[in-house]
Amino acid sequence: MAKYIFVTGGVTSSLGKGIIAASLAKLLQARGLRVTIQKFDPYINVDPGTLNPYEHGECFVTEDGAETDLDLGHYERFLNIHTSQKNNVTTGRIYQTVINKERAGDFLGKTVQVVPHITDEIKRRMQLIGKDGQYDIVLTELGGTVGDIESLPFIEAVRQLQWELPEEDVMVVHLTLVPYLRAAKELKTKPTQHSVKMLSETGVHPDVIVCRTEEPLNNDIKRKIALFCNVKVDAVIEAMDASTIYEVPLLMLREKLDLYCLKKLNIKEFGEPHLDKWKLFLDKLKYPKAKVTIGLIGKYVELQDAYKSILESFIHAGAINEVKVQVVNVHSEFITKENVAEKLEGLDGLLVAPGFGLRGIEGKIIAVQYAREQGLPFFGICLGMQMAVIEYGRNVLGLTDAHSTEMDANTSHAVINMMEEQKKIKMMGGTMRLGAYPCDIVEGSLAHKVYGDVQITERHRHRYEFNNDYLDMYEKAGMVMSGKNADTGLVEIIELPNHPFFIGVQYHPELKSTVERPAPLFVGFIGAAKKYNETKSALISSLLQREMA
Ligand code: GLN
């Protein structure tokens, strides 16, 4: 049976609870324990699949096709594990299960209530992953902030579990903010005191308090927090702002957060933390040898969280290539044929991001054309791949109104269209092509070179596909469909051979990139951008030399 660590948050949101939870899990894993991590979210949506990225950031998709909170992406990137449907539970899903049971008559005439029925279902789900002996420790991050009305049933479930299970099997880590008041030149502990008090009022007392802070906590401050919040001094952990999230596990190691938790859980068998690969990655990340500039073209570019996994994949791929990847946001709505060269000036690569709907589409197509014609490394993901297909159809094959039926239902050349089985679906939630699908790669292609393999699996989240009625036409015109699903024949990868790097994929490679296993396509793309940048610099310096001579 697993032991349980719950991570709650106080004072304010956006303190980085997901990163602290993932860092603690990483340290425990690095000490040889079998660890997994899950997130419980207090909102009523059954899953975040129907949430606008503006509301909630990226929707992360697991191998088994669950549409989940973006924190699961952090868990996978830190721990190098696959999470699943079970690792993300919302209030909506809890209620859905309980209401379905009620409709089936399972409660035998009882009044169905928050306590015990909702809390029982929460507890059941909290322990679901830990039951089969696969893990020593299950970390559970509770979304929301202590004091929110909607988090109460979750906190109550934790209280009950603390009461039901042996004392050494459950613990609570509470993350708070210790603000620094510049005018007074002082760190303030009051918000932490209030937050712990509020948590204690619900019957849950934290075992550890992790304090987010911009200034180091001195011993007096630590003692004060410990005294007023009723924890040991070494249970007050300083979490200073870090230059990168990947540094946080090492900061937590220095603060001995993992050791404190192991002691509380009475776990005696563990080793020294194996973090060699992690440290090597961090070194490369912090001391890059060169820089490449990548243009990210999308609809939500001003919103960092909307492309979380893509941005993190760039960090992983940059480190391995020993370059800093500077991502420049390009709003596709403002790109025209006249200004495209100026808008994309100085870039070493262009990534056209996933997305939905009509807005900014024409600008994306113009940008793809520019990258194709100018030999600028191009990488299209999902919608980005579809744009590359449309661009090639229009400008090379001469299908002037080539389009996706998502944007133009009446186009005479639906080069991207919906699969028959998708057309029947009326409901929005969980109905796209979701999760991992295998893909066969053509030998000798760019994709083959990049993956070093001819069989891969990658994750999906889309409704539209390349229309195979046009397959011959495209291949005759020089586009190589280098990856296909063997069962369905659906095109997964497109590429152009006479180009330094031009590749589009129907799936989402960014969802599988981790610190220890960077996504091959990102590694290849950044490698191509690096080469492009070097050639450009060499050209400029030889031109300069000629001018001076
Ligand atoms: N809107 C496109 C589709 O549904 C692409 C989706 C995506 O980029 N994730 O097929």
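Coordinates for the structure precede this section.
A. Representation of the pattern of salt bridges. Per the stated rule, a full pass over the model turns up 35 salt bridges. A salt bridge links aspartate 41 to lysine 39, with the shortest nitrogen-to-oxygen separation between them at 3.4 Å. In this structure aspartate 41 comes out as buried when scored by relative accessible area, which is 3%. Given the relative accessible area of 6%, lysine 39 is considered buried. With its nearest N and O atoms 2.7 Å apart, the salt bridge here joins glutamate 391 to arginine 372. One end of the pair, glutamate 391, is in helix H15 (residues 383-395); the other, arginine 372, is in helix H14 (residues 361-374), and 19 residues separate them in sequence.

B. Here's a closer look at the sheet that holds strand E20 (residues 464-466). One open sheet accounts for 3 strands, arranged E16-E17-E20; its pairing is mixed. Every other strand in the sheet has two partners, leaving strand E16 (403-404) and E20 as the edge strands with one partner each. By the bridge criterion, 3 bridges tie strand E17 (residues 414-418) to E20 in an arrangement that is antiparallel. By the bridge assignment, isoleucine 416 is partnered in E20 with phenylalanine 466. With respect to the sheet, H15 is in contact with E16, E17 and E20, its orientation differing from that of E17 by roughly 150°.

C. Main features of the site of the ligand. The local shell around the ligand consists of Pro354, Gly355, Phe356, Cys382, Leu383, Gln386, Glu406, Arg461, His462, Arg463, Tyr464 and His508. Within the contact set of the ligand, a nitrogen atom lies 2.9 Å away from a backbone nitrogen or oxygen of glycine 355. Side-chain polar atom of glutamate 406 to a nitrogen atom of the ligand: 2.7 Å apart, as the coordinates give it. Coverage of the ligand by the protein amounts to 99% of the 300 Å² it exposes when considered alone. Residue assignment for the shell around the ligand shows that the elements contributing at least two residues are H15 and strand E19 (455-462).

D. Molecular detail of the nonpolar core. Counting residues in hydrophobic clusters, the biggest one holds 64 residues, and the most contacted among them are Ile5, Leu28, Leu139, Val173, Val210 and Met252. Those residues in contact with leucine 28, other than ones at most four positions away along the chain, are Ile5, Leu33, Val35, Ile137, Leu139, Asp258 and Leu262. Ranked by size, the runner-up nonpolar core spans 42 residues in total, among them Val368, Ala388, Leu397 and Val491.

E. Summary view of the environment of glutamine 326. Structurally, glutamine 326 is set in strand E13 (residues 323-331). Take glutamine 326: its relative accessible area is 32%, and that puts it in the partly exposed class. With 22 residues separating them in the primary sequence, glutamine 326 and aspartate 348 have C-alpha atoms 9.9 Å apart.

Rules behind the numbers
- Residues numbered from 1 in each chain as written.
- Predicted model: local features only at pLDDT ≥ 70, side-chain atom pairs only at ≥ 80, totals over all residues.
- Heavy atoms only, no water.
- Salt bridge = Lys/Arg side-chain N within 4 Å of Asp/Glu carboxyl O.
- Buried < 20%, exposed > 50% of the residue type's maximum accessible area, 1.4 Å probe, protein only.
- Helix = DSSP H or I, 4+ residues; strand = E, 2+ residues; numbered from the N terminus.
- Pairing = 2+ DSSP bridges.
- Contact = heavy atoms within 4.5 Å.
- Axes fitted to C-alpha atoms, helices over the stretch in contact; angles between N-to-C directions.
- Near = heavy atom within 4 Å.
- Polar contact = N/O pair within 3.5 Å; in protein donor to acceptor, adjacent residues only side chain to side chain.
- Areas by Shrake-Rupley, 256 points an atom, 1.4 Å probe, with all protein chains shown as cover.
- Core = buried A, V, L, I, M, F, W, Y, C linked by side-chain atoms within 4.5 Å.

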